[in-house]
Every structure is written in C-alpha cells, then in structure tokens.
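Inside the fold
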Amino acid sequence: MDVDTRLLRYFAAVAEEGNLSRAAERLFVSQPALTKQIKQLESLLGVALFTRSKAGMALTEPGRALAERVPAVLGSWDEALTETKSVASRAARVLRVGFVASAANEATQLIIAEFGRRRPEWRVAMRQAPTWSNQTAGLVEGDVDVALLRLPFQGRGELRVEWLLTEPRCVALPAAHPLAAREVIEFRELWDEPFIAAPPETGAWRDYWLAADERDGHPIRIGAVADRPDDWLVAIANGYGVALAPESAARYFARPGIVYRPVNGVSPTRVGVAWRPAQDTDPVVQDFVRSCLEYREGGRPD
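Because the structure is predicted, anything quoted here is derived from the model rather than measured.

Across its full length, the protein chain holds nine helices and 13 strands. Its C-alpha atoms give the protein chain principal-axis dimensions of roughly 65 × 50 × 30 Å. For the protein chain, the proportion of its 302 residues judged to be buried stands at 46%. For the protein chain, the exposed surface amounts to about 15,100 Å²; the carbon and sulfur share of it is 52%. The centroid of the 37 positive side-chain charges in the protein chain is displaced by 3 Å from the centroid of its 40 negative side-chain charges.

This part covers helix H1 (residues 5–17). Here H1 spans 18 Å end to end across 13 residues, near enough to the 18 Å set by a 1.5 Å rise per residue. Among the residues of H1, those classed as buried are Leu-7, Leu-8, Tyr-10, Phe-11, Ala-12, Ala-13 and Val-14. Once H1 finishes, Gly-18 follows within two positions and takes phi at roughly 65 degrees, a positive value.

Another aspect to go through is the packing of aromatic side chains. Within this structure, the stated rule accounts for seven aromatic pairs. Ring centres 6.1 Å apart and planes at 55 degrees place the aromatic pair Trp-205 and Trp-209 in the tilted group. Of the two residues, Trp-205 and Trp-209 are both situated in helix H6 (residues 204–209); the distance of four residues between them amounts to about one turn of the helix. Assessed through its relative accessible area of 12%, Trp-209 is described here as buried.

Relative to the assigned elements, Ala-204 resides in helix H6. Assessed through its relative accessible area of 43%, Ala-204 is described here as partly exposed. Separated by 52 residues in the primary sequence, Ala-204 and Pro-152 place their C-alpha atoms 6.8 Å from one another.

Backbone torsion omega between Leu-151 and Pro-152 reads 0 degrees, so that peptide bond is classified as cis. The topology assignment puts Pro-152 in the loop between strand E5 (146–151) and strand E6 (160–167). The residue Ala-101 is not glycine, and still its phi comes out positive at about 60 degrees. Along the polypeptide, Ala-101 turns up in the loop between strand E3 (94–99) and helix H5 (107–118). Phi at Asp-216 takes a positive value of approximately 55 degrees, unusual for a residue other than glycine. In this structure, Asp-216 sits in the loop between H6 and strand E10 (221–225).

Time to look at the sheet that holds strand E12 (residues 258–264). Spatially, the four strands line up as an open sheet ordered E8-E12-E7-E11, and their pairing is mixed. Among the strands making up the open sheet, the edge pair consists of strand E8 (185–186) and strand E11 (243–246). One ladder, built from two bridges, connects E8 with E12; its direction is parallel. By the bridge assignment for E12, Ile-185 is matched with Val-263. Its contacts with the sheet put helix H7 (residues 229–237) on strand E7 (169–174), E11 and E12, and the angle it makes with E12 is roughly 90 degrees.

Taken together, five strands build an open sheet; the order of strands is E4-E3-E5-E13-E6 and the sheet is mixed. Strands at the two margins of the open sheet, each flanked by one partner only, are strand E4 (123–128) and E6. Within the sheet, the average angular offset between the axes of one strand and its neighbour, ignoring direction, is 25 degrees. Here E3 pairs with E4 via six bridges, running parallel. Its bridge partner lying in E4, Phe-99 is registered against Gln-128. Here H5 sits on the sheet in contact with E3, E4 and E5, set at roughly 150 degrees to E4.

Take the environment of Leu-293 next. Locating Leu-293 in the fold gives a position in helix H9 (residues 283–294). Exposure remark for Leu-293: the relative accessible area of 14% places this residue in the buried category. C-alpha separation for the pair Leu-293 and Ala-129, spaced 164 residues apart in sequence, amounts to 22 Å.

Moving on: the packing of helix H2 (residues 20–27) against helix H3 (residues 31–45). One way to put it is that H2 packs onto H3 with a least axis distance of 9 Å and a crossing angle of 100 degrees. As judged from the angle between their axes, H2 and H3 are roughly perpendicular. Every residue of H3 that contacts H2 at Leu-20, Ser-21, Ala-23, Ala-24 and Leu-27 is listed here: Gln-31, Leu-34 and Thr-35. A breakdown of the residues in the contact of H2 with H3 according to their chemical character gives five nonpolar, three polar and no charged.

What counts and what doesn't
Residues numbered from 1 in each chain as written. Predicted model: local features only at pLDDT ≥ 70, side-chain atom pairs only at ≥ 80, totals over all residues. Heavy atoms only, no water. Helix = DSSP H or I, 4+ residues; strand = E, 2+ residues; numbered from the N terminus. Buried < 20%, exposed > 50% of the residue type's maximum accessible area, 1.4 Å probe, protein only. Areas by Shrake-Rupley, 256 points an atom, 1.4 Å probe, with all protein chains shown as cover. Lys, Arg positive; Asp, Glu negative; His and termini not counted. Charge placed at Lys NZ, Arg CZ, Asp CG, Glu CD. Expected span 1.5 Å × (residues − 1). Phe/Tyr/Trp six-rings, centres within 6.5 Å; stacked < 30°, edge-to-face > 60°. Pairing = 2+ DSSP bridges. Contact = heavy atoms within 4.5 Å. Axes fitted to C-alpha atoms, helices over the stretch in contact; angles between N-to-C directions. Parallel < 35°, antiparallel > 145°, perpendicular 65-115°, else oblique. Nonpolar A, V, L, I, M, F, W, Y, C, P; charged D, E, K, R; others polar.

Coordinates in, geometry out; function isn't part of it.
Right, dumping it as structure tokens:
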C-alpha cells in the first residue's frame, strides 16, 4: 500500500493540535479540505484514526500507534529529499541561495560576484521565499543551501546566523493618506492606524513588523492580513491599512498608489546570512558566507 507523505503530514498536524481548525491554519489549508484528507487516509488504512467530538479530535489506539511512528518516517523522507537535492545541485555546481524581500539589498550582487571569484566554476541560483510564512526561504527544509534573511525569523535556533547589515524601518502608506505628504512621521502618530499584518502563525515576525513591543502597550489595529508581498502591496494601495517596511522597500517595492516615508520611534531591521550547522564544514557554503562578510556593513571583518 502506498500512502502519500502529504497525508501523513496532515495526520501529524491534527494529532499534535487535537483540533481540525488549528491544524488547518497551521497547514494553510481549509478545514473541509483537511477533513477530506484525514478521511482518505483512514480509508486507505482501513482504520479509524480519530474519535471526533465537540471537544476536538482524539487519537484512537491505532491512531496513537501511527502517531508514534510518523515523525520518524517523515524525518527520514525529508533527509532523503534534502540529500538528493543537495547532491543534484552540487553535481551541477549550483549553490542555491534563498532570500526574503530584498535579500542583502544592493550588496547582493557584490556578494555573488565575490563568490564567483572564489568559486569560478560555480553559479548562484537565487530563490525568493514565496510567502512570509517561510521565513527561512526553505533553508530549514533543505530546499536551499544558504539564505539571506531578515531578523527576527522563526527557526533561527536551528541555524547559524551572521549579521550583515542594518537599515531603518519606514512606513508604507496609501498615496491618499493624510500623513503621506509628511517628510518624516513619528511612530506614535501611527498607533491608531490599521496595519497590514502577516498571518498569526508567523509569530515573532508578525509582531516585529507591527512593532508590537514599541507601542507602550497601545493596542494594535489589524486592517488586513497578507502573506505575500504582492497581496501586502495591494492591501496598502487599497487603503486597508499602513505597514512598516525596510527602508529599501521604497526602491525594491515601488508601486503606484503607495508612498514610503521615514518613521521615527522604531528600531532598525537587520539582515543576516544563515546556514545549517551541518554545513559548518561545507567549503562551498562557507565560501559564500565569507563572500557575505566581505561586504558586511562597516567593511571587511576583523
């Protein structure tokens, strides 16, 4: 019997959450779709994996037996996929570099050029994170070899990170907003504005870009939720709210109907280069890290 690993991942999420709606949010699928997948798995196995009640989803005895085995099965499969992709990229001499937003800004091209000097037989394939929910741009999952990331991000404890640059945060506003004509805006003036937020599942990332810790306890108003840069830009342009952004967003995410203004009263954002601890001895990855450090803010490292 062949079982799709996707069904096992869905099962594991429901088993861990004990609740269909929370598991669906975590998996970014609808609750009806998740219910259908769990029923499909039960049908394939010929056993009931959960007992359903108003209180949630409780594992049956067969369900508990499967739940004990699934993490190891999925872990082994993920390791196999990571190794396969890594071997394929190395055979082609391609370094996969994930990135979020504008990566290391204008230094990105300088970093790639420096890496090319160190490894002339290799090329860099840049892969942007499609959503803010994937804050490591696929690094934790092994989809990329190294990444240029915005701090803070979920999963940092699993990775090595070297800081590269710092830049101020600005505010993105609809062009018709009353504050759009100002040259500089105090963050306190934005406290009562609705904000465009990342999904709740993004945790510290969402809180950071809402400046939740820099409002003196003032409540946050959410005007819309967006998980992709394009959706974020559309929400701002449509007047659903304002949003904090890196200063470089004014260059990399210029859009009609949106203006970017400096904002006082919020801490700057940072960019780092990240890699998995297993790659500490990987000479190609470490050459890319050294290439990044050549262009670290303030010049060549000591």
